[in-house]
Amino acid sequence: MDAYLRQGDRSVLVTDWLSPEEWTAVGLSLKVALVAMAASLIPGIAIAYALERSRFWGRQVLDVLVHLPLVLPPVVVGYTLLLGFGRRGPIGSFLAEHFGIVLSFRWTGAALACAIMGFPLLVRAIRLSLETVDRKLEDAAGTLGAHPVWVFLFVTLPLILPGIIAGMVLSFAKAMGEFGATITFVSNIPGETQTIPSAIYTFTQVPGGEGGALRLTLVSVVISIAALWASEWMARRVRRKVIA
Amino acid sequence: MANVSIRDVRKSFGTVSIIKGVDVDIQDGEFVILVGPSGCGKSTLLRMIAGLEDISGGDIRIGSRVVNDVPPKDRDIAMVFQSYALYPHMTVAENMEFSLKLKGVPAAEQKKRVAEAASSLGLTPLLDRYPRQLSGGQRQRVAMGRAIVRDPQVFLFDEPLSNLDAKLRVQMRAEIKELHQRLKTTTIYVTHDQIEAMTMADKIVVMHDGIVEQIGAPLELYDRPANRFVAGFIGSPAMNFIEGRFGPEGIVLPSGAVLPLDIKPQLNLGAEITYGIRPEHLQIAPAGTPGSIPATVSVIEPTGSDTTLIVKAEGGNLTVVLRERCALKPGEAVALKPVAHQAHLFDEQGKRIATA
């Protein structure tokens, strides 16, 4: 706690822009958000494709499950994860026993919580762009001799790239801001699971922590603007290519 | 190249029957056009030949192979779509190479075949452009080029000219026909435009409401339509139909006017009959001429090469096409004298009555 009090000191703000602990929180947040985004990308594309293009038994159940984190209180999602993936949870104990993977109270658990919270946003963005793909383009590829897998890789995927980029940014942004599910599932351990939002929360709970809270808030704003700008830049480049 | 045989092919979506048992035989190298009004099932049938729609019943053969369950990629076809379906993220050259890349053709061979097709279609200067940088006609040519490069057994065209303006359509019509004469690949072409069908096809299949109304060479359909639907669909302006009864002197119209026939159909006196006459087989005669239809000129449409008259007669409007210029005025009374041996007769069910 001492370290945090000192971070709140005005002299720190002037002489050293961020304290080592704050840097740790920023680094951890970026790591968690990037891993959450990357890990959810392929399942996100697969589920968006399945929901948009296939008719299978249980499709609506899957649709509801994917969207649930959007409407449930984040704390509920976090608690559910704790029940399932905690050390004593059915999945958590299985993973720990057979693969030595422990998620609860680890940064990897934070990434899982962030990925799940951002998943509906990712899937929705990809589904929207799949809807706009002219099916004739895929049909034409079939008649030109393309296997469905090739049709997807060389026709569908490039065409939905703007949607994928938008979905990735949304998922990243959601992960950067995720608080409720993360703190419930993996707590708020400095250096392990304390991301920017939980660090800001901690600062606001201690006297003299305003400086740290403010600095991390600014960092948050800068990262979000940079992410938006980067995605806009990429999307514009890609869109120029895929618009007929 | 291959022949295509369609045997009792059916398609239904749930309880709705779209194609109700179609039989068509397409010879190797033939240019066949499926024509009919929208909703007649022609595009669905083409998509079934392509493998893009499942077949609910019957068989489709390409060459000697039944392809009912063969995926599109293995049917050795190439399809050209109305919307062109070019890949916006690929250049013209990349679009055209697409099928060769999939086949794993060596790069040098790919370049050679694309260059050949591009030069035959006048696309050489456009190879590095993207589809969005091309006009509608150029895009359609690229779509054709992409199909040609594949060198398929059968070309399938789905209303390829519908998005083009009238002038370009006429030009592309000739280009497609010329292309077929050069490549001699079996071609199945769908259109709702009977002029396209008449001008391009070796054989026309007229479809309506999920069935085949008639199959034949363009002029055969024009001269001897099998039923009232084909008679009305083929030909522009459309054939005139006049309802009447069969009498000893010819067809008796409700007003009492009699249109003479130069044949003796096997009909009972008094039988209800539809008398069909094409606009160019009606001649203008002085009012009161015996054996003519009294009418009043309603609209005059000079096209330069000929003149179309819309006239009001008993039972509705009739269309007349005159090769010569005419000095008639709207509102003027005229008599229309049909060329008797060009008349078509249809029974109550709309079937052609043998006139030979």
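Residues numbered from 1 in each chain as written. Chains lettered and ligands numbered in written order. Predicted model: local features only at pLDDT ≥ 70, side-chain atom pairs only at ≥ 80, totals over all residues.

1. Here we look at the overall build of chain A
Part 1: Counting its regular elements, chain A contains twelve helices and zero strands.
Part 2: With respect to the principal axes defined by its C-alpha atoms, chain A has extents near 70 × 45 × 30 Å.
Part 3: Within chain A, contacts between residues at least 6 apart in sequence are counted, and of these 75% link residues at least 24 apart. (Helix = DSSP H or I, 4+ residues; strand = E, 2+ residues; numbered from the N terminus. Contact = placed C-beta atoms within 7 Å.)

2. Things to note about the pairing of strand β16 (residues 293–302) of chain B
Residues and elements named next belong to chain B.
Part 1: Pairing geometry for β16 and strand β19 (residues 333–338), over four bridges, is antiparallel. Paired with I293 across the bridge in β19 is L336.
Part 2: Where β16 meets strand β17 (residues 307–313), seven bridges bridge the pair, whose relative direction is antiparallel. If you follow I300 over to β17, its bridge partner there is L309.
Part 3: In this structure, the hairpin formed by β16 and β17 is closed by a connection of four residues, where G304 is found at a positive phi of approximately 105°. (Pairing = 2+ DSSP bridges.)

3. Structural notes on the domain arrangement of chain B
Part 1: Once the domains are mapped, chain B shows domain 1 (4–227) and domain 2 (240–346).
Part 2: If you average the C-alpha positions of domain 1 of chain B and of domain 2 of chain B, the two centres end up 39 Å apart. (Domains from an automatic or database assignment.)

4. Thoughts on helix α5 (residues 74–85) of chain A
All names here are of chain A.
Part 1: Here α5 is twelve residues long and its end C-alpha atoms lie 16 Å apart, about the 16 Å a rise of 1.5 Å per residue gives.
Part 2: Taken together, the buried positions of α5 are occupied by V77, G78, L81, L82 and F85. One face of α5 carries all of its buried residues, which in axial projection span an arc of 140°.
Part 3: Considering only its buried residues, α5 is in contact with α4 (59–71), α6 (90–99), α7 (107–131) and α10 (180–186). (Expected span 1.5 Å × (residues − 1). Buried ≥ 20, exposed ≤ 12 C-beta atoms within 10 Å, placed from the backbone. Arc of directions from axis to C-beta.)

5. Remarks on unusual backbone geometry
Most peptide bonds take the trans form, and the phi angle of most residues other than glycine is negative.
Part 1: Following S236 of chain B, the chain continues into P237 of chain B via a peptide bond in cis, with omega recorded as -5°.
Part 2: Tracing the backbone shows P237 of chain B in the loop between α8 (228–233) and β11 (240–247).
Part 3: Of note, the phi angle at F105 of chain A is positive, near 60°, even though the residue is not glycine.
Part 4: Here F105 of chain A is to be found in the loop between α6 and α7.
Part 5: For D76 of chain B, which is not a glycine, the phi torsion comes out positive at approximately 55°.
Part 6: Here D76 of chain B shows up in the loop between β5 (65–66) and β6 (77–80).

6. Focus: the confidence of the model for chain A
Residue and element names in this part refer to chain A.
Part 1: Looking at chain A as a whole, the pLDDT averages 89, with 93% of positions reaching at least 70.
Part 2: Low confidence marks residues 1–8, where pLDDT is under 50. Its contacts with residues over four positions away, or in another chain, come to 21 contacts.
Part 3: Segment residues 10–15 is flagged for pLDDT under 50; beyond a separation of four residues in sequence, or across chains, it makes six contacts in the model. (pLDDT = per-residue confidence, 0-100.)

7. Concerning the nonpolar core
Side chains of nonpolar character tend, in soluble globular proteins, to be buried together.
Part 1: Ranked by size, the top nonpolar core spans 153 residues in total, and within it A113 and C114 of chain A together with I33, L156, I188 and L336 of chain B carry the most contacts.
Part 2: Among the elements that line this core, the one with the most residues is α7 of chain A, at 15 residues.
Part 3: Counting only domains with at least three residues in this core, you end up with domain 1 (4–227) and domain 2 (240–346) of chain B.
Part 4: Leave out the neighbours within four places in its chain, and I188 of chain B touches V4, I26, V32, L34, L46, I49, V154 and L156 of chain B. (Core = buried A, V, L, I, M, F, W, Y, C linked by C-beta atoms within 7 Å.)

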